[in-house]
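# Secondary and tertiary structure notes
Below are the chains, spelled out letter by letter.
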Amino acid sequence: MSHDAIENLSHEDRAFAPSAEFAAQANATAALYDEAAVDRLAFWDKQARELQWETPWHTTLDWSKAPFATWFDGGKLNVAVNCVDRHVAAGHGDQVAYHFEGEPGDTRDITYSELLVEVSKAANALESLGVKAGDRVAIYLPMIPEAAVAMLACARIGAVHSVIFGGFSAEALRSRIDDAQAVLVITCDGGNRKGKPMALKPAVDEAVLQTPTVKDVLVVRRTGQDVEWTERDIWWHDLVDAQPETHEAQAFDAEHPLFILYTSGTTGKPKGILHTTGGYLTQVTYTHRNVFDLKPDTDVYWCTADIGWVTGHSYVVYGPLANRATSLMYEGTPDSPHNGRWWELVEKYRVSILYTAPTAIRTFMKWGEDIPARFDMSSLRVLGSVGEPINPEAWMWYRRVIGGDRCPIVDTWWQTETGAIMISPLPGVTATKPGSAMGALPGICAEVVDDEAHPVGNGGGGYLVLTEPWPSMLRGIWGENDRYVETYWSRWKGLYFAGDGAKLDDDGAIWLLGRVDDVMNISGHRISTTEVESALVSHPVVAEAAVVGAADDTTGQGIVAFVILREGVEPGDHIVADLRNHVAHEIGPIAKPRQILVVPELPKTRSGKIMRRLLRDIAENRDIGDTTTLADPTIMALIGTGLTTNPGTED
Ligand code: WTA
């Protein structure tokens, strides 16, 4: 019987140190760790001074009302000025801020000077509608430049934006608008998705029927499709284009709210995660510069996240702009009009830094490496991953096929709640292990602990906690302070519990093991779904795997695996037998799946995370028998319906 909070089963010996050339030119050196260790708050003070403050702060951190933090008290700054104006003032107005590529192939380059004009006009437009500092503005847009402009315009006037992912339903939109009591919705007619216009405005029309706080709806014209029109609606081009091109920005307190972003978690109503101004901008800027090694004069940076997710906030908009990056923004999906679209874009724009999610990487693995091989991707120099644990074999594939064996990979662990990257390699310093996020960044304090909050030590598995406050931490859940304390700070006194399992390997590197709600209990052994999934993905026929623990009379729970095979591999009994043995061989007989089902797809959240909860329901409630494929397509159809109609599963 094991007493580990979570078992440490897998073993990884491979490690990839940065090349001497990369290390020599890197923004971050090992000295950063020493500096932060000597005096953490002085370190953050220094990072904050990289921004332009109108009034300096007098207190770096006030933690006396823990877990409610005040960072940079007394300081005042304007986020939009930091992201746009100061670069124009410094003579970089002609630099491209965003290369925009629409899904149909239309393009638009926006320089920092042009962005300043757009943001100023939009800020004037919002003020003309009576939007004031502190008011909430809902943004429901696809990946088009106006999305970033709308966010920056809100930040410029101190309005609090709440971006709602464009794939969410009218009901999800309504509940979020209602919770935040938004006064304005910014939307558009529709976006382009998989070769077709996808309407957005009808969901807004439906939602605002029941949200009396909304006074106006500002509508960007993107697709030109027909829209219903009410007296509440105003075209963006009518209102914004007519505004003066300059706007006098006012500085706001460091703790002025910047945005709310809803995240649903496992149960209950979505949580409105609240982020504020000075600390948030400090940490997204610091992490973006050091984790991606951004060189503003030469890099072309592409984060593929949608602005509806926190990654889109921190690493499409605020971090890159504060660092004067040139970014690529792409409207569509990776398979439109062909499966090589992303790599075509990398070639076309000479993208040098690519930041994406494991779900995308595993999809490309499934499609096959001959697709990226058709494009010249020699411009790439840093690769990033976020959102889920990346299986070691997916990491290796990313490194070899996309990165040409030369690019450091930064596997970045963080959350909507943390606001910015917390655990990640530094690309010019860390010898990275495939599948590990490695260690806490300089200035961040993380630990892996057991049920009694004792550090597990190297080789042990347990719960990931953050032991010290950090600048971009959430400041609460909108309107629900008790829920904030209860959700994140109640399990162990003084520790922020992130909800993730993790282990430390023998060298002390951190390996994320997935959400602790997903941990399986097999004959008293607490086994992470991630380790079994990674063992499956390490077999050459498997592209993707999802593992759940299903009730079992003898072992408590039994391991049930759902796998997607690589293109061209035929399913069959021998494959299932092979895979079961492979897992036993890779991580031990205890982890051998009771059952393996070959499936054509997996249920995922809209941000691409596998929904194991749904699979658990299937594994427990349905008589799936001994079959090696989910022959009954209604099962997957059922998963599909669950995904689109159950509002509780919308993140
Ligand atoms: C998971 C996304 C392993 C984790 C920025 C976390 C990861 C949740 C990683 C937050 C990673 C994110 N390795 N797991 N590199 N990055 N996660 O709020 O479970 O959408 O708690 O923020 O994603 O998801 P969220």
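Refer to the preceding data block for the structure.
Since this is a predicted model, take the numbers as computed values, not measurements. Residue indices follow the written sequence of each chain, beginning from 1 at its first position. Side-chain atom pairs in this predicted model are given and counted only at pLDDT of 80 or more, local residue features only at pLDDT of at least 70, and totals for whole chains, interfaces and linings cover all residues. With hydrogens and water excluded, all non-hydrogen atoms of the structure serve as input to the side-chain values.

## As for the site of the ligand
Surrounding the ligand, one finds 16 residues, the nearest of these being Asp411, Thr412, Thr416, Asp500 and Arg515. Here a polar contact is recorded for every N or O atom pair within 3.5 Å, except that within protein the pair must consist of a potential hydrogen donor and a potential acceptor, and residues adjacent in sequence are included only if both atoms are side-chain atoms. In this structure, a nitrogen atom belonging to the ligand sits 3.0 Å away from a main-chain N or O atom of Gly387. Side-chain polar atom of Arg515 to an oxygen atom of the ligand: 2.8 Å apart, as the coordinates give it. All accessible-area figures derive from a Shrake-Rupley calculation using a 1.4 Å probe, and residue coverage is judged against the displayed protein chains alone. In isolation the ligand offers 530 Å² of accessible surface; the protein chains occlude 92% of this area. When residues of the shell around the ligand are traced back to their parent elements, those giving at least two are helix H11 (310–322) and strand E25 (510–515). Residue polarity is assigned by list, with Asp, Glu, Lys and Arg as charged and Ala, Val, Leu, Ile, Met, Phe, Trp, Tyr, Cys and Pro as nonpolar; anything else, Gly included, falls into the polar class. Residues of the shell around the ligand, tallied by class, amount to six nonpolar, five polar and five charged. Any residue with a heavy atom positioned within 4 Å of a molecule or strand is treated as near that molecule or strand. Secondary structure elements follow DSSP: runs of H or I no shorter than four residues count as helices, runs of E no shorter than two count as strands, and numbering proceeds from the N terminus.

## Looking at the packing of helix H4 (residues 79–92) against helix H5 (residues 112–128)
Between two packed helices, both the angle of their axes relative to each other and the distance between the axes serve to describe the pair. Between the N-to-C directions of two axes lies an angle of 0 to 180 degrees, each axis being a line fitted to C-alpha atoms and, for a helix, fitted only over the stretch in contact. The geometry of H4 relative to H5 is characterised by a closest axis approach of 9 Å and an angle of 140° between their N-to-C directions. In this view, H4 runs oblique relative to H5, as classed from their interaxial angle. Here H4 and H5 pass one another in a crossing that is left-handed. Residues Cys83, Val84, Asp85, His87, Val88 and His92 of H4 form the contact with H5, whose own contacting residues are Tyr112, Ser113, Leu115 and Leu116. Residue classes in the contact of H4 with H5 are distributed as six nonpolar, three polar and one charged. We call two directions roughly parallel when the angle between them is under 35 degrees, roughly antiparallel when it is over 145, roughly perpendicular when it lies between 65 and 115, and oblique otherwise. Left-handed describes a crossing whose near helix is turned anticlockwise from the far helix through less than a right angle; right-handed describes the clockwise counterpart. Any pair of residues with heavy atoms lying within 4.5 Å of one another is described as a contacting pair.

## A closer look at the sheet that holds strand E11 (residues 216–220)
In sheet architecture, strand pairing relies on hydrogen bonds along the backbone and comes in two forms, parallel and antiparallel. In space, the eight strands of this open sheet follow the order E12-E11-E8-E6-E7-E14-E15-E23, with mixed pairing throughout. What marks the edges here is a single partner per strand, and that holds for strand E12 (233–235) and strand E23 (476–477). Pairing between strands is defined by DSSP: at least two bridges between the two strands are required. Where strand E6 (residues 136–139) meets strand E8 (residues 184–188), three bridges bridge the pair, whose relative direction is parallel. Bridge pairing links Ala138 to Val185 in E8. Against the sheet, helix H8 (residues 201–208) touches E8, E11 and E12, its axis set at about 155° to E8. Along the sheet, H11 contacts strand E7 (160–163) and strand E14 (257–263); its crossing angle with E14, the most-contacted strand, is approximately 140°.

## A look at the environment of Arg515
In this fold, Arg515 is placed in strand E25. Arg515 sits 240 residues away from His275 along the chain, and the two C-alpha atoms are 23 Å apart. Contact partners of Arg515, with chain neighbours within four places excluded, come to Gln415, Ala498, Gly499 and Asp500.

## So, the pattern of salt bridges
Any Lys or Arg side-chain nitrogen found within 4 Å of a carboxyl oxygen on Asp or Glu counts as a salt bridge. Following the criterion strictly, the structure yields 44 salt bridges and no others. With a shortest N-O distance of 3.9 Å, Asp178 and Arg174 are connected by a salt bridge. Taken together, the residues span about one helical turn, with Asp178 and Arg174 both in helix H7 (residues 170–180) at a distance of four residues. Note on exposure labels: buried denotes an accessible area under 20% of the residue type's maximum, exposed denotes more than 50%, and partly exposed covers the range between, all computed with a 1.4 Å probe on protein chains only. By relative accessible area, which is 31% here, Asp178 ends up partly exposed. Arg324 is paired through a salt bridge with Asp297; the nearest N and O atoms lie 2.9 Å apart. Taken as a pair, Arg324 in the loop between H11 and strand E17 (327–330) and Asp297 in the loop between helix H10 (278–291) and strand E16 (301–303) lie far apart in primary sequence, 27 residues in all.

## Comments concerning the side chain of Asp505
Mapped onto the secondary structure, Asp505 falls in the loop between strand E24 (496–504) and E25. A distance of 2.9 Å separates a polar atom in the side chain of Asp505 from the backbone nitrogen of Asp507. Among the polar contacts made by the side chain of Asp505, one reaches the side chain of Trp511 at a distance of 3.0 Å. Apart from the residues within four sequence positions on either side, Asp505 is in contact with Lys433, Asn458, Gly459 and Trp511.

## Concerning the sheet that holds strand E22 (residues 461–466)
The strand order across the open sheet built from four strands is E21-E22-E24-E25, with neighbouring strands paired in antiparallel fashion. Bordering the open sheet on either side are strand E21 (446–449) and E25, each of which pairs with just one other strand. The average angle at which neighbouring strand axes cross in this sheet is 45°, direction not considered. As judged from the four bridges shared by E21 and E22, these two strands associate in the antiparallel manner.

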